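# Examining the three-dimensional arrangement
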Amino acid sequence: MKRPLGLVALIYGGGLLLAEFFQPPLFALFLVTFTALTLALVWSRARPHLLWPLLILLGWTNLVSRTAMISPHDLRRLMNDHAALVAVRGTLTETPSLRVFVRDEEESWRTLAQIQVTELRRGTNWQPATGPIVVSTMGALSDDFFQGRTVEITGILARPASPVVDGLFDYRTYLARQGIYFQLKANSTNAWLVLPGGRISPPLSDRFLAWSQRILARGLPNEDASLRLLWAMTLGWKTALTNEVNEPFMRSGTMHIFAISGLHIALIAGILVSLLRVMQLSRAWCGLVVIPLIWFYTAATGWQPSAIRSTVMMTIIIGGWSLKRPSDLLNSLAAAAFIILLWDPQQLFQASFQLSFFVVLSIALFLPPLEKVRDRLLQPDPLLPPALIPRWQRWLGTPLRWLTTAFATSLAAWLGSLPLTAYYFHLFSPVTLLANLIVVPLSSAALACNLGSLICGNWLPWATELFNHSGWFWMLAMTKVSHWATLLPGAYRYVPSPPLAGFVVYYALLIGVLSGWLFARQPRVRSIVAIGIVAAFSLWHWQKARAEFQLTILPLNGAHSVFVDGPGQRDDWLIDCGNTNAVEFATKPFLRAQGVNRVPRLLLTHGDLRYVGGTETLNELFGVGEIYTSPIRFRSAKYRDLMANLEQTPGRRHILHRGDEAGVWRVLHPEAGDKFLQADDNALVMLGEFHGTRMLLLSDLGRPGQEALLARQRDLRADIVVAGLPEQTEPLCDALLDAIQPRLIIVADSEFPATKRASPRLRERLAKQSASVLYTRFNGAATLTVGKSGWKLRAMDRQCFASGNPEFQTPGFKSGTNSNPETPVDDL
């Protein structure tokens, strides 16, 4: 077998996938694995057949053992799903790190730390506890807190929050992949105490970081953004990478330069090997010197997972080179993956692991055929003697070969990472090909300068300062190039996540085309048939999906928004957007996850700033087209300023009156002359019809507004009604519900502020209705899909509802049930 480790890694990975979906008792798994291992050792004839099942069992057992609750003092046993005020004692597993957040052009600092808990106190008594937690604290801790310190912290301990809607970062799952299931929130640094015991001095990585930052800043006039980014790229210092700084690098596909990854390790190893070879050291001595040095760099930068992956890979490659063994990139890649997944099986499900290995795999598989194409294009006439080749052509040969090799490498990496980038970051960035051609060489120059600066240090200060100014210049150039690349037409687009079938089809076609398998004579007919089946299925699915409406009710901390994604863009609407913070942290990531690059129509229901305060921010981010508003003049000064700004662009603002129609929506309330005391009662009430399914949006309509709506509108029947919570009265009075006769009620309440929580009295009253009731405070965002044959709704907590059509009555869907906390609907 030419590449045996590839099959080993794949089969072991299959065991990890089994563990992800099926987790039997750990003792039973250990027993079966031990039995298979014993049989493989004592039964030589069956050994070749037992090896592959043993690898599956090994992966299965390894992952289950990392997630099983073994200790009786496991935090998951001691804590329930409710938040509690506690004090914990434990050891810092890493030095706390700072994160910078910018809101309204003001910086705020937050400290993140990981603690291995040993004791827990609820009330007055301490009890043994075990398990890692992450601690979030407002402000910056002193230098007395570092890895290995024993500490005591007081705060609110709870499970990390789940995303309220698809597309937002799933922090709970991210931490669970690291074996962390609880988050402690401390109000201030005063909640921290240092206890006796543990480490008394900072670890090597902290001292190296502080020393390196001083050296890399030597000779520079001030600590600016470029210097901070140099620290991030060379030392793994994450504080510099704020959302604002990250964005141009993400859009241009150059964000990878800030991860301590293969680029860093390969460059450092290459420089060290070159220096040692100049000193005429043998391969064996080079390996003995370089391998410990790159592991020292990995340790000094904090043992980051990406650095460990790259160092393992480079160790295998340098080890083979030192021993003069024939190298095979695919086999080395499989060996590195197998070793890393043995050490930490959860990495298989992390985006950084998948991107790292898919990019290297893509380069290994796709670069050779791309280089063959390059060679055919650049090859001179074979019948022409070299002396007759024009001099300009000989001069351009080497630069063109280097440039085309760099482009082919960038293309292979981009093609291999394309679906993963769309899935995790919702980005499609063609400009990545151009940006990386420039940024990668610049980053190599900056890294080389930083390495030279660290080598020169304090003993050769003039060289250190020269290297620092050079590195600063290269980083400034990288920043400018990345920003410039995003301004090019068609540089990037936000796209929705591709489905699993899309991954399979894409990689099958890519491998088939670049390997030439699809064009071979023997499998040509089968290839054409397979492609035809895939194309027909994709066309059918696209045709079915393009006729559907998808409506998402998005809770926004005291407000809510409704996003309507209709066939094409003709019926796409965003109804309300939330305040500035809601737009930045909820509406923006949600819309980008749906592949929205421009909001064609925005409807503002009323002047409450919790609903409409982020309109200007939304316009800056997405470029809002038409804006529809109520005819009422609200008292909010900011709302009036917004309306005045809209009036400066003729034809952009559209005022809706009762009886008007706007796309699929019809306005039921208010009248232009209404003068209700509360802004909630002046909110626009919209009735939409989608393939025969009627949906009524009441916004925060209070009791006076409800009575006016009942008096003016005869036909209020709707299958689904969505209502927020008015300030002074309750939503959905009984008379209004009798007129609507809904099958599903969605109450858009939220945890904060407290006034926007559905009261027990309201929940008790709505529980008496025959309709199903969903609360966004408990269930999260709700997504409604309406087709020609009915509708189905899925909440973020996996509760589902459907119309009575048999096509929608799939297992796990519930009709006519109530999702109050007192009467929960079963999960899927």
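Within each chain, residues carry numbers counting from 1 in the order of the written sequence. Side-chain atom pairs in this predicted model are given and counted only at pLDDT of 80 or more, local residue features only at pLDDT of at least 70, and totals for whole chains, interfaces and linings cover all residues. Side-chain measures were taken over the full set of non-hydrogen atoms in the model, leaving aside hydrogen atoms and water.

Strand order in the open sheet formed by nine strands is β15-β14-β13-β12-β11-β10-β23-β24-β25, and the pairing between neighbours is mixed. Whereas interior strands pair on both sides, the edge strands pair on one side only; in this sheet they are β15 (653-655) and β25 (800-802). When the angles between neighbouring strand axes are averaged without regard to direction, this sheet yields 15°. If DSSP finds at least two bridges between two strands, the strands pair. Strands here are runs of E lasting at least two residues and helices are runs of H or I lasting at least four, both read from the DSSP assignment and numbered beginning at the N terminus. Where strand β10 (residues 549-555) and strand β11 (residues 560-565) come together, six bridges link them in antiparallel fashion. Within β11, the position partnered with T552 by the bridge is F563. Packing of helix α19 (residues 580-593) onto the sheet brings it into contact with β10, β11 and β12 (573-575), and relative to β10 it is tilted by some 160°. The axes used here are C-alpha line fits, helices contributing only the stretch in contact, and every angle between their N-to-C directions lies in the interval 0 to 180 degrees. By definition in these notes, contact holds between two residues if any of their heavy atoms fall within 4.5 Å.

Next up on the list: the environment of A446. Within the secondary structure, A446 is located in helix α15 (residues 432-456). Spatially, the C-alpha atom of A446 lies 43 Å from that of P196, the residues being 250 residues apart in sequence. A446 has contacts with L230, M233, G471, W474 and M478, leaving out every residue within four places of it along the chain.

Looking now at helix α11 (residues 305-322). It helps to recall that an α-helix has 3.6 residues per turn; residues three or four apart then point in one direction. Here the expected length of a helix is defined as 1.5 Å per residue gap, with one fewer gap than residues. With 18 residues, α11 should cover 26 Å at 1.5 Å per step; its first-to-last C-alpha distance of 25 Å lies within 8% of that length. A 1.4 Å probe rolled over the protein chains alone gives each residue an accessible area, and that area as a share of the maximum for its type sets the label: buried under 20%, exposed over 50%, partly exposed in between. Residues of α11 that are buried: S306, A307, I308, R309, S310, T311, V312, M313, M314, I318, G319 and S322. Along its buried surface, α11 packs onto α9 (262-278), α10 (283-300), α12 (329-343) and α13 (351-378). One or two steps after α11, the chain reaches K324, where phi turns positive at roughly 60°.

Turning to unusual backbone geometry, a few remarks are in order. The amide bond that connects H669 to the next residue, P670, takes the cis arrangement and shows omega of 5°. Within the fold, P670 resides in the loop between β17 (665-669) and β18 (685-690). With omega at -5°, the peptide bond leading from F752 into P753 counts as cis. Along the chain, P753 turns up in the loop between β21 (744-747) and α25 (760-767). Even without glycine at this site, N557 takes up a positive phi of about 50°. Inspection of the secondary structure assignment puts N557 in the loop between β10 and β11. Its relative accessible area of 54% is what places N557 among the exposed residues. Residues other than glycine seldom take positive phi values, yet L732 does so here, at roughly 55°. Here L732 falls in the buried class, since its relative accessible area comes to 1%.

On to the side chain of S630. Inspection of the secondary structure puts S630 in the loop between β14 (626-629) and α22 (637-647). Its relative accessible area of 0% is what places S630 among the buried residues. In this structure the side chain of S630 is engaged in a polar contact, spanning 3.1 Å, whose partner is the backbone nitrogen of I632. For S630, the residues in contact, after removing those within four places along its chain, are L604, T605, Y639, R653, I655, L656, P670, N682 and L684. The definition of a polar contact used here is a pair of N or O atoms within 3.5 Å, where within protein one atom must be able to donate a hydrogen and the other to accept one, and adjacent residues in sequence count solely through side-chain atom pairs.

Our focus in this paragraph is empty space enclosed by the protein. The definitions used throughout rest on a 1 Å grid laid over the protein atoms alone, on which a cavity is an enclosed set of points accommodating a 1.4 Å probe that cannot get out and a pocket is an open set flanked by protein within 12 Å on both sides along at least five of seven lines; lining residues are those having an atom within 4 Å of a point. Grid points are joined across faces, edges and corners, and a volume is the space filled by probe spheres set on the points. Counted under the stated rule, the structure contains two cavities of 30 Å³ or more. Volume-wise, the largest cavity comes out at about 50 Å³. L609, V612, G613, T615, E616, K638, Y639 and L642 together form the lining of the largest cavity. Sorting the residues of the lining of the largest cavity by element identifies α20 (609-612), α21 (615-622) and α22 as the ones contributing at least two each. The element that contributes the greatest number of residues to the lining of the largest cavity is α22, accounting for three residues. Here the lining of the largest cavity is composed, by residue class, of four nonpolar, two polar and two charged. The computed volume of the second largest cavity comes to approximately 40 Å³. Lining the second largest cavity are H560, V562, I575, D576, T605, L697 and S699. The nonpolar class holds Ala, Val, Leu, Ile, Met, Phe, Trp, Tyr, Cys and Pro. Asp, Glu, Lys and Arg form the charged class, and all remaining residues, Gly among them, are polar. Within the lining of the second largest cavity, the residues separate by chemical class into three nonpolar, three polar and one charged.

Their axes nearest at 7 Å, the elements helix α1 (residues 4-21) and helix α3 (residues 47-67) cross at an angle of 45°. In terms of their interaxial angle, α1 and α3 are classed as oblique. As for how α1 packs across α3, the hand of that crossing is right-handed. Judged by residue contacts, L7, V8, I11, Y12, G15, L16, L18, A19 and E20 of α1 engage W52, L55, I56, L58, G59, W60, N62, L63 and V64 from α3. Here the residues of the contact of α1 with α3 are counted per class, giving 14 nonpolar, three polar and one charged. Put simply, angles under 35 degrees are roughly parallel, angles over 145 are roughly antiparallel, angles from 65 to 115 are roughly perpendicular, and the rest are oblique. Should the near helix be turned anticlockwise from the far one by less than a right angle, the crossing is termed left-handed; should it be turned clockwise, right-handed.

This next bit is on a nonpolar patch on the surface. Excluding any residue in a salt bridge, patches collect residues exceeding 30% relative accessible area, merging like charges within 9 Å and nonpolar Val, Leu, Ile, Met, Phe, Trp and Tyr side chains within 5 Å. Residue burial considers only the protein chains on display, and all accessible areas are found by Shrake-Rupley using a 1.4 Å probe. The salt bridge definition used is simple: a Lys or Arg side-chain nitrogen within 4 Å of an Asp or Glu carboxyl oxygen. Where nonpolar side chains cluster on the molecular surface, the patch consists of L37, L39, L41, V42 and W43 and spans about 510 Å² of accessible area. Take V42: it is sitting in helix α2 (residues 26-42).

Moving on, we get to the packing of aromatic side chains. Each pair of aromatic rings taken from Phe, Tyr and Trp, with Trp reduced to its six-membered ring, is defined by centres within 6.5 Å and is described as stacked if the planes are under 30 degrees apart, edge-to-face if over 60, and tilted in the remaining cases. Under the criterion given, the structure shown has 24 aromatic pairs. Both rings, one in Y423 and one in F503, keep their centres 5.9 Å apart while their planes meet at 75°; by these two values the pair is edge-to-face. You can see Y423 sitting in helix α14 (residues 391-425) and its partner F503 sitting in helix α17 (residues 500-515), a full 80 residues away along the chain. A centroid spacing of 5.2 Å and a plane angle of 65° characterise the contact between F473 and W474, whose relative ring orientation is edge-to-face. F473 sits in the partly exposed class, given a relative accessible area of 46%. Take W474: its relative accessible area is 28%, and that puts it in the partly exposed class. Here the aromatic cluster, defined as three or more aromatic residues joined through ring pairs, consists of F169, Y171 and Y174. Throughout this description, the term charge over a ring refers to an Arg CZ or Lys NZ atom that lies within 6 Å of the ring centre and within 35 degrees of the ring normal. Sitting over the ring of W573, R601 keeps its end group 5.8 Å from the ring centre. Looking at R757, its charged tip hangs above the ring of F752, at a distance of 5.4 Å from the centre.

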